[in-house]
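Structural description and commentary
Residues per chain are reported as follows:
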Amino acid sequence: AAADTYVSTDARMILTYLYNRDEQPEKALPYIRKLVEQYPQNSIFKYNYAQTLEKLHRPSEAEAAYRDVIRLDNPELNVLTLESRSRLRGLGKK
């Protein structure tokens, strides 16, 4: 059962990446949303969720997700915290 979880997690991560890379964030959203629900403390998933929402022109939801990344403040992924702060400043100017 655990192996199935890893496979579906990996599949969702790959599909999210591919759809966002191909400028199809509407298709990426259900996959990244599921990952965020399943792993709410994962800064990488939260950051990708925020990016997907931003691509979908949903700034208030993207802002909340970027704030979650900042709140999680994972010391091993400091770059995501810094980038989230930068993205928030950018969203504030739109």
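This section reports on the structure supplied with the text. (Residues numbered from 1 in each chain as written. Predicted model: local features only at pLDDT ≥ 70, side-chain atom pairs only at ≥ 80, totals over all residues. Heavy atoms only, no water.)

Attention now goes to the overall build of the protein. Scanning the protein from terminus to terminus reveals five helices and zero strands. In terms of overall dimensions, the protein is globule-like: its C-alpha atoms have a radius of gyration of 13 Å, near the 12 Å expected for 94 residues. Seen through its principal axes, the protein has C-alpha atoms that stretch 45 × 30 × 20 Å. Counting all 94 residues of the protein, 32% fall into the buried class. (Helix = DSSP H or I, 4+ residues; strand = E, 2+ residues; numbered from the N terminus. Rg over C-alpha atoms; globule rule 2.2 N^0.38 Å. Buried < 20%, exposed > 50% of the residue type's maximum accessible area, 1.4 Å probe, protein only.)

A separate point is unusual backbone geometry. Here the phi dihedral of His57 falls at roughly 60°; this positive angle occurs in a residue that is not glycine. Mapped onto the elements of the fold, His57 is located in the loop between α3 (43-55) and α4 (59-72). Residue His57 is classed as exposed on the basis of its relative accessible area, which comes to 70%.

Residues Ile32, Tyr49, Leu53 and Tyr66 are the most contacted members of the largest nonpolar core, which totals 17 residues. Looking at this core, the elements with two or more residues in it are α2 (25-38), α3, α4 and α5 (78-92). The contact partners of Ile32, leaving out residues within four places of it in the chain, are Thr16, Phe45, Asn48, Tyr49 and Thr52. (Core = buried A, V, L, I, M, F, W, Y, C linked by side-chain atoms within 4.5 Å. Contact = heavy atoms within 4.5 Å.)

The next subject is the pattern of salt bridges. Under the definition given, this model contains six salt bridges. In this structure, Arg67 engages Glu63 in a salt bridge whose closest nitrogen and oxygen atoms are separated by 3.1 Å. Taken together, the residues span about one helical turn, with Arg67 and Glu63 both in helix α4 at a distance of four residues. Owing to a relative accessible area of 31%, Glu63 belongs among the partly exposed residues under this scheme. The salt bridge partner of Asp68 is Arg71, with a shortest N-O separation of 3.6 Å. One end of the pair, Asp68, and the other, Arg71, are both in helix α4, three residues apart, so they sit about a helical turn from each other. Classification of Asp68 as partly exposed rests on a relative accessible area of 22%. Salt bridges sharing common partners tie together Lys46, Asp68 and Arg71. (Salt bridge = Lys/Arg side-chain N within 4 Å of Asp/Glu carboxyl O.)

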